Amino acid sequence: MDALSQLVATMRTGEPASSLITHHAPWHRSYPPVQGAGIHVILQGSAVLLSSGTEPVALGVGDVVFTPQGAGHALADSATTPLPGVGTAADTAADGDGPTTVLLCGAYGLDRSRVHPMLLELPEYVHLPARLGHHPSLRAAIDLLGREVQDRRPGTDAAIPALLDMLLLFILRAWTDDQDCDEGSGWAAALRDRPVSTALSAIHRNPGHPWTVESLGTEAGLSRAAFARRFAALVGQPPLAYLTWWRLTTAARLLRETDSSLHSVAQRVGYASEFAFANAFKREFGTAPGAYRRRG
């Protein structure tokens, strides 16, 4: 599995949720800060994204807003609609009898102690405006999810979480594709750089393998020194440091979501003994693996 696919598969906790919301102007809806990420898609009508300290952002049909850090914000029919407070408390104004706006909203719980570095690079609000012929896969995912939410049928409960994961992947891909990577650093550049993305995919695909800088360089098709420099410049940390981070992030997910023994988890993420794994895990998380699992 490539790095971006693994990121989507492991970044969230629990099942993602979605809802279809209809408003009639004048209206507003406030979203307080949350420990997760959120998505808004305008399916019909228009809206305005409002957040403290920034200019209002006009949204039209097909526009996507992604909040990777769960920042507080509000949506309204107009920038002039009175608000009790932007993103400070959950609040929805009574609908009027004006034009209709239909929103498709999605939410993901995130483990804030292990947020992937890519998400930390994203702005508080990612706005992907609808443009003809632009990001067709994202548009297709929106259409599919919208249909499932609007018309629940047998299998919808299984389809919606999968489509939300697909939507999240296409949002991250669209953001990556839209970035100017001329400066040559950051995760957008790393995922578009074939040698580094190849090495990242190898790490994500098999974190338990006894990787070395040299063997990862071989995967990337570069010498050891050239690979180490290139990886650190783009990803922001040396290859083995990222490998350790990913191994322990994967271990934490296995402890939360499976009943695999500590020995099995240790082996799956590349530690020769349960003792070595426990020491590394405690250095990273400040608690032993067993206590982390019991804490949930």
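Criteria and thresholds
- Residues numbered from 1 in each chain as written.
- Predicted model: local features only at pLDDT ≥ 70, side-chain atom pairs only at ≥ 80, totals over all residues.
- Heavy atoms only, no water.
- Buried < 20%, exposed > 50% of the residue type's maximum accessible area, 1.4 Å probe, protein only.
- Helix = DSSP H or I, 4+ residues; strand = E, 2+ residues; numbered from the N terminus.
- Pairing = 2+ DSSP bridges.
- 1 Å grid on protein atoms, 1.4 Å probe; cavity = no way out; pocket = protein on both sides within 12 Å on 5 of 7 lines; lining within 4 Å.
- Points joined across faces, edges and corners; volume = space filled by probe spheres on them.
- Nonpolar A, V, L, I, M, F, W, Y, C, P; charged D, E, K, R; others polar.
- Core = buried A, V, L, I, M, F, W, Y, C linked by side-chain atoms within 4.5 Å.
- Contact = heavy atoms within 4.5 Å.
- Phe/Tyr/Trp six-rings, centres within 6.5 Å; stacked < 30°, edge-to-face > 60°.
- Salt bridge = Lys/Arg side-chain N within 4 Å of Asp/Glu carboxyl O.
- Polar contact = N/O pair within 3.5 Å; in protein donor to acceptor, adjacent residues only side chain to side chain.

Caption draft 1: Seen up close, the pairing of strand S9 (residues 100-110). Burial analysis of S9 places eight of its eleven residues in the buried class, the great majority of the element. Strand direction decides the pairing type here: strand S3 (residues 36-44) and S9, joined by eight bridges, are antiparallel. Bridge assignment links valine 41 to a residue of S9, and that residue is leucine 104.

Caption draft 2: Quick peek at unusual backbone geometry. Here the bond from alanine 25 into proline 26 is cis, since omega is 0°, no more than 30 degrees from zero. Considering the arrangement of structural elements, one finds proline 26 in the loop between strand S1 (12-24) and strand S2 (28-31).

Caption draft 3: Spotlight on the layout of surface pockets. Here the largest pocket is characterised by a volume of approximately 260 Å³. Lining the largest pocket are 18 residues, and of these Tyr31, Val34, Gly38, Gly106 and Ala107 lie nearest its centre. Contributing elements (two or more residues each) for the lining of the largest pocket: S1, S3 and S9. Of the residues in the lining of the largest pocket, the class split is ten nonpolar, eight polar and no charged.

Caption draft 4: Expanded view of the nonpolar core. Counting 56 residues, the largest nonpolar core has Phe66, Met118, Leu138, Leu172, Leu200 and Tyr242 as the members making the most contacts within it. At eleven residues, helix H4 (residues 156-178) tops the list of elements feeding residues into this core. Excluding residues that lie within four positions of it along the chain, tyrosine 242 makes contacts with His116, Trp187, Leu200, Ile203, His204, Phe231, Val235 and Gln237.

Caption draft 5: Geometry of the packing of aromatic side chains. Tallied over the entire structure, the rule returns ten aromatic pairs. Taking the centre distance of 6.3 Å and the plane angle of 55° together, the rings of phenylalanine 231 and tyrosine 242 count as tilted. Of this pair, phenylalanine 231 sits in helix H8 (residues 224-235) while tyrosine 242 sits in helix H9 (residues 239-257), and the two are eleven residues apart along the sequence. For the pair tyrosine 271 and phenylalanine 277, a centre-to-centre distance of 5.8 Å together with 55° between the ring planes defines the contact as tilted. Phenylalanine 277 carries the same exposure label as tyrosine 271, and that label is buried. Aromatic rings pair up to connect Trp187, Phe227, Phe231, Tyr242, Trp245 and Trp246 into one cluster.

Caption draft 6: Seen up close, the pattern of salt bridges. Under the criterion given, the structure shown has two salt bridges. We note a salt bridge from aspartate 157 to arginine 152, for which the minimum N-O separation is 2.3 Å. With respect to burial, aspartate 157 and arginine 152 carry one shared label: exposed. Between aspartate 193 and arginine 230 there is a salt bridge, and its shortest N-O distance comes to 2.8 Å. In this pair, aspartate 193 is assigned in the loop between helix H5 (187-192) and helix H6 (194-205) and arginine 230 in helix H8, connecting sequence segments 37 residues apart.

Caption draft 7: Representation of the environment of histidine 73. Mapped onto the elements of the fold, histidine 73 is located in strand S7 (residues 73-76). Sequence separation between histidine 73 and serine 30 is 43 residues, and the spatial gap between their C-alpha atoms is 6.1 Å. Polar contacts involving the side chain of histidine 73 include one to the side chain of histidine 40, which spans 2.8 Å.

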